[in-house]
Amino acid sequence: MKNNLQVYNTLTKRREQFVPKEEGHVRMYVCGPTTYNFIHLGNARPIVVFDTIRRYLEYLGYKVIYVQNFTDVDDKIINKAKEEEQEPLALADKYITEYFTDADRLLVKRADIHPKVSEHMEEIINYIRGLEEKGYAYEVEGDVYFSVRKFADYGKLSGRSIDDLVSGSRVEVDQRKNDPLDFALWKKAKPGEPAWNSPWGQGRPGWHIECSAMSCKYLGEEFDIHGGGYDLVFPHHENEIAQTEALLGTPMARYWLHNGFITINQEKMSKSLGNFFLLRDILEKFDPMVVRFYLLATHYRSPLDFDDEKLRVAQKGLERLSNSYLQLSNGLKLSGHYDNGKKVRRAAEKARIEFGAAMNDDFNTALAIATLFDLAREVNTYLREQQLDKSALEEAQRVFDDLLAVLGITLGKELTGTENIDDLMNLIVILRQNARVAKDFTTADSIRDQLQEIGVVLEDGPKGTLWKHEEEASGLRGKIVEVIINIRQISRKNKDFKTSDLIRDELKNAGIVLEDTPQGTSWK
RNA sequence: GGCGACAUAGCCAAGUGUUAAGGCUAAGGACCGCAAGUCCUUGAUCCCCUAGUUCAAAUCUGGGUGUCGCCUCCA
């Protein structure tokens with residue numbers, strides 16, 4: 001299988017041709033969250049970025065095995081659980097559930113495997129024992145440490161030398177360690193802490209060992225892509241490399257990918273600075289697709305500054321694409337067989353090619369999105385034609401669908417859970433069109449205003465009136481019926497019984513029966 | 001102190017050797033009863049400063065300035 005995919009590899013600090021170890025298959029591992037809180041926007045970035053990378057690899061035809069772990073055994077979880085007087089594992093599980101609630105809304109596909117630390121103690125302990133046997137690990141009073149100086153390549157990922165690290169060390173030195181840089185593989189349990197049996201007594205794993213043990217279990221030696229936030233490069237990924245390569249003697253992963261940070265006023269969004277925004281709070285104000293679009297509108301390795309204004313800009317941009325997509329769907333209904341669609345076809349083809357070229361360039365989603373805007377403009381221009389060629393529009397729609405699927409963005413689709421309101425809206429559009437033809441703009445505008453109030457927007461175009469509604473709205477159908485009834489009251493008042501009877505008949509066709517009573521009109 | 005990244009129009013953001021993508025905003029025009037939307041036109045003679053390399057640089061090299069990150073948990 002051939003591709004022209006270039007990826008920036010943190011390990012070599014270069015862009016490289018992507019060649020998976022096994023032809024046609026990609027094995028990738030992404031460090032997931034420590035689950036002791038809801039995820040914030042900074043956590044969401046790698047989730048969306050690597051989900052998109054995975055989608056693109058699948059688009060290229062690779063069979064991808066995607067593993068994303070949950071750290072559910074950790075000091076922070078233990079502390080939080082203590083505060084809330086809860087079992088640590090129960091707390092971790094709760095936030096794993098909450099994680100999926102958030103990730104699902106961003107249309108992040110589930111990983112093939114979501115391993116948890118708590119369910120891999122045996123693998124982790126065996127891993128540490130293997131390191132002990134090879135002389136890379138040593139025990140001190142129930143703790144087990146990794147001997148950094150025994151691993152000759154230590155520092156190769158983060159570009160540091162051991163001596164630099166020693167001199168710059170801000171960590172309090174634990175005197176029991178042979179060397180200040182040595183890190184814990186296994187930590188002895190203090191009373192009341194969750195603990196597992198091990199050859200070194202009751203305890204729990206250090207932070208880094210889980211990823212070595214679990215990636216090895218599910219992906220084997222030298223898997224293809226290891227991803228995560230840039231702050232994981234050191235020490236987390238550096239230590240993973242040390243552990244894995246010390247034990248297995250083979251490279252841990254071929255390509256190391258790291259995303260840049262979300263910043264607030266140019267400063268990293270982080271839990272310790274306290275300047276973070278929970279994803280779900282943002283989703284109160286913005287559509288998940290807007291957030292996803294915002295995250296992908298900048299290259300994944302660049303810093304990305306956050307504020308509401310930036311999300312509003314993303315929203316406007318996404319609306320432009322949405323409008324185009326909607327107009328395209330509508331145009332399709334009016335289309336036939338004509339031979340004027342050459343330009344659109346070419347634009348669709350061009351978009352597909354350029355989108356691929358952009359993504360091949362280290363997943364340049366910012367540039368890839370620009371190709372969608374180019375396509376939207378061509379489509380919008382074509383839609384002004386009197387005659388629309390069906391197959392050309394279908395081709396454009398297919399390209400939109402395929403490329404948006406890679407980005408994990410859906411546009412103008414029927415949202416799940418939304419009632420079908422096509423029949424009622426068609427009736428309203430006809431009623432309003434009649435009013436407009438009769439120059440009864442008061443009624444026409446009133447209809448538009450009433451619909452706007454319930455979240456439905458009308459747009460009059462050269463090809464008739466289009467409608468769209470922003471949010472997933474339950475009970476929308478009922479609200480629309482109310483609007484129609486209001487319209488009918490006006491016609492009855494004006495003794496326009498032709499219109500009011502038309503409305504009653506049409507509603508009957510839609511399964512809605514009106515009953516006029518002295519108290520007003522009821523419906524069922 | 002050590003290591004590293006970045007600096008492009010009002011804003012956001014691509015572009016890593018050869019005419020400066022795209023989006024948002026703004027102005028003018030077209031379709032149009034209005035609204036919304038779409039289309040067209042207008043915007044950096046120039047890419048933080050500076051000295052170089054080159055036929056050619058936003059893109060490479062040296063120096064400077066500024067901002068940020070990692071070196072402690074963090075995506």
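Residues numbered from 1 in each chain as written. Chains lettered and ligands numbered in written order. Predicted model: local features only at pLDDT ≥ 70, side-chain atom pairs only at ≥ 80, totals over all residues. Heavy atoms only, no water.

**Focus: the packing of aromatic side chains**
Then comes step 1: Enumeration according to the criterion identifies 18 aromatic pairs in this entry.
Then comes step 2: Here Tyr56 and Tyr59 contribute two aromatic rings whose centre-to-centre distance is 5.8 Å and whose plane-to-plane angle is 25°, an arrangement assigned as stacked. On the criterion of helical spacing, the pair formed by Tyr56 and Tyr59 is a turn pair, its members being 3 residues apart in helix H1 (residues 41-59).
Then comes step 3: Among the residues examined, Tyr56 registers a relative accessible area of 1% and is labelled buried. (Phe/Tyr/Trp six-rings, centres within 6.5 Å; stacked < 30°, edge-to-face > 60°. Helix = DSSP H or I, 4+ residues; strand = E, 2+ residues; numbered from the N terminus. Buried < 20%, exposed > 50% of the residue type's maximum accessible area, 1.4 Å probe, protein only.)

**Focus on unusual backbone geometry**
Then comes step 1: Each neighbour pair has its own omega, and for Phe234 with Pro235 the value is 0°, a cis peptide bond.
Then comes step 2: Relative to the elements of secondary structure, Pro235 occurs in helix H7 (residues 233-248).
Then comes step 3: Its identity is not glycine, yet Phe363 carries a phi of approximately 55°, on the positive side.
Then comes step 4: Mapped onto the elements, Phe363 comes out in the loop between helix H11 (342-360) and helix H12 (365-382).
Then comes step 5: On the accessibility criterion, Phe363 (2% relative accessible area) is buried.

**Concerning the packing of helix H14 (residues 422-437) against helix H15 (residues 441-453)**
Then comes step 1: In the contact formed by H14 and H15, the axes pass within 7 Å of each other and the chain directions differ by 150°. As the angle between them shows, H14 and H15 are arranged roughly antiparallel. Seen from above, H14 lies across H15 with left-handed handedness. The residues of H15 that touch H14, namely those facing Met425, Ile428, Arg432, Ala435 and Arg436, are Phe441, Thr443, Ala444, Ile447, Arg448 and Leu451. (Axes fitted to C-alpha atoms, helices over the stretch in contact; angles between N-to-C directions. Parallel < 35°, antiparallel > 145°, perpendicular 65-115°, else oblique. Left-handed = near helix turned anticlockwise from the far one by under 90°. Contact = heavy atoms within 4.5 Å.)

**Quick look at the nonpolar core**
Then comes step 1: By size, the foremost hydrophobic cluster in this structure holds 81 residues, and its most contacted members are Leu41, Leu57 and Val291.
Then comes step 2: Taken together, domain 1 (6-259) and domain 2 (304-407) each give at least three residues to this core, which thus spans both.
Then comes step 3: Membership of the second largest hydrophobic core comes to 42 residues, among which are Phe183, Trp186, Trp200 and Ile209. (Core = buried A, V, L, I, M, F, W, Y, C linked by side-chain atoms within 4.5 Å. Domains from an automatic or database assignment.)

**Things to note about the sheet that holds strand S4 (residues 63-68)**
Then comes step 1: The parallel open sheet is built from 4 strands, whose spatial order is S4-S3-S9-S10. Edge positions in the sheet fall to S4 and strand S10 (253-259), since each of these pairs with one other strand and no more. Between one strand axis and the next, the sheet turns by 20° as a mean value, whatever way the strands run.
Then comes step 2: As paired strands, strand S3 (residues 25-30) and strand S9 (residues 223-229) are joined by 3 bridges and run parallel to one another. Within the sheet, the bridge partner assigned to Tyr29 lies in S9 and is His226. (Pairing = 2+ DSSP bridges.)

**As for the side chain of Asn69**
Then comes step 1: Mapped onto the elements, Asn69 comes out in the loop between S4 and helix H2 (75-84).
Then comes step 2: Here the side chain of Asn69 touches Gly32 through a polar contact of 2.9 Å, landing on its backbone nitrogen.
Then comes step 3: At 2.9 Å, the side chain of Asn69 forms a polar contact with the side chain of Glu210.
Then comes step 4: Not counting chain neighbours up to four residues away, the residues in contact with Asn69 comprise Tyr29, Val30, Cys31, Gly32, Pro33, Pro115, Glu210, Cys211 and Met214. (Polar contact = N/O pair within 3.5 Å; in protein donor to acceptor, adjacent residues only side chain to side chain.)

**Topic: the side chain of Asn3**
Then comes step 1: With respect to the helices and strands, Asn3 occurs in the segment before strand S1 (6-9).
Then comes step 2: Among the polar contacts listed, one links the side chain of Asn3 to the side chain of Tyr62, at a separation of 2.3 Å.
Then comes step 3: Contact partners of Asn3, with chain neighbours within four places excluded, come to Gln17, Phe18 and Tyr62.

**Regarding the pairing of S3**
Then comes step 1: For S3, a buried count of 5 out of 6 residues is recorded, marking the element as mostly surrounded by other parts of the structure.
Then comes step 2: In this sheet, S4 lies alongside S3 in parallel orientation, the contact comprising 6 bridges. For His25, the partnering residue across the bridge sits in S4 and is Lys63.
Then comes step 3: In this view, the connection linking S3 to its parallel neighbour S4 by way of H1 has right-handed handedness. (Right-handed = clockwise from strand over helix to strand, strands pointing away.)

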